[in-house]
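# Notes for the structure review
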Amino acid sequence: MSILLIGRWNWAGHLEITESHVVEDGDQDAIRDLVQGHDIGELFATEFLVDGHKEAIQTAYEVYVAHEDGAELIDQAKGFDPDAV
């Protein structure tokens, strides 16, 4: 199992996570169905091969946000605050 995080980059450069889904590892059909209908221009959708939402949020923060000046990860799906690295 893995976690699919869906969200967007907002106008201030922050990553807002709005959805979190458990999917089978690499299930592209399920991922495509979950992403369908979102605005592709601002879409962030990434599968993380981890066991839970908190791990996925922390990984997203470390990979996509931590090294961007002033950027934040805002977890609107479940409200988890990642640890700064």
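Starting from 1, residues in each chain are numbered consecutively following that chain's sequence as written. Given that the model is predicted, a residue must reach a pLDDT of at least 70 before its local features are reported, and side-chain atom pairs must reach 80 or more before they are shown or counted; all residues, however, enter totals for whole chains, interfaces and linings. Only heavy atoms go into the side-chain values, all of them from the structure, while hydrogens and water stay out.

### A closer look at the sheet that holds strand β2 (residues 15–23)
- Two strands qualify as a pair provided DSSP detects at least 2 bridges between them. Secondary structure is summarised from DSSP: a helix means a run of H or I of at least four residues, a strand means a run of E of at least two, and numbering begins at the N terminus for each. Strand order in this open sheet of 4 strands is β3-β1-β2-β4, and the pairing throughout is mixed. In the strand order of this sheet, the two ends are held by β3 (43–48) and β4 (73–75), each with one partner. On average, adjacent strands in this sheet sit at an angle of 30° to one another, irrespective of strand direction.
- In this sheet, β2 lies alongside strand β1 (residues 2–9) in antiparallel orientation, the contact comprising 8 bridges. In the sheet register, Arg8 faces β2, and the bridge partner there is Glu16.
- Residues are treated as being in contact if the distance between any of their heavy atoms lies within 4.5 Å. Axis definition: a line fitted to C-alpha atoms, limited for helices to the stretch in contact. Angles are taken between N-to-C directions and run from 0 to 180 degrees. The sheet contacts of helix α2 (residues 53–65) involve β1, β2, β3 and β4, and relative to β1 the element is tilted by about 50°.

### Considerations on the pattern of salt bridges
- Criterion for a salt bridge: a side-chain nitrogen of Lys or Arg within 4 Å of a carboxyl oxygen of Asp or Glu. What the rule picks out here adds up to 2 salt bridges.
- Linking Arg8 and Glu16 is a salt bridge whose minimum nitrogen-to-oxygen distance equals 3.1 Å.
- Residue burial is assigned from relative accessible area. The probe radius is 1.4 Å, only protein chains are included, and a residue is buried under 20% of its type maximum, exposed over 50%, and partly exposed in between. Since its relative accessible area comes to 10%, Glu16 is described here as buried.
- A salt bridge links Asp29 to Arg32; its shortest N-O distance comes to 2.7 Å. Here Arg32 and Asp29 lie together in helix α1 (residues 28–35), a separation of 3 residues that amounts to about one turn.

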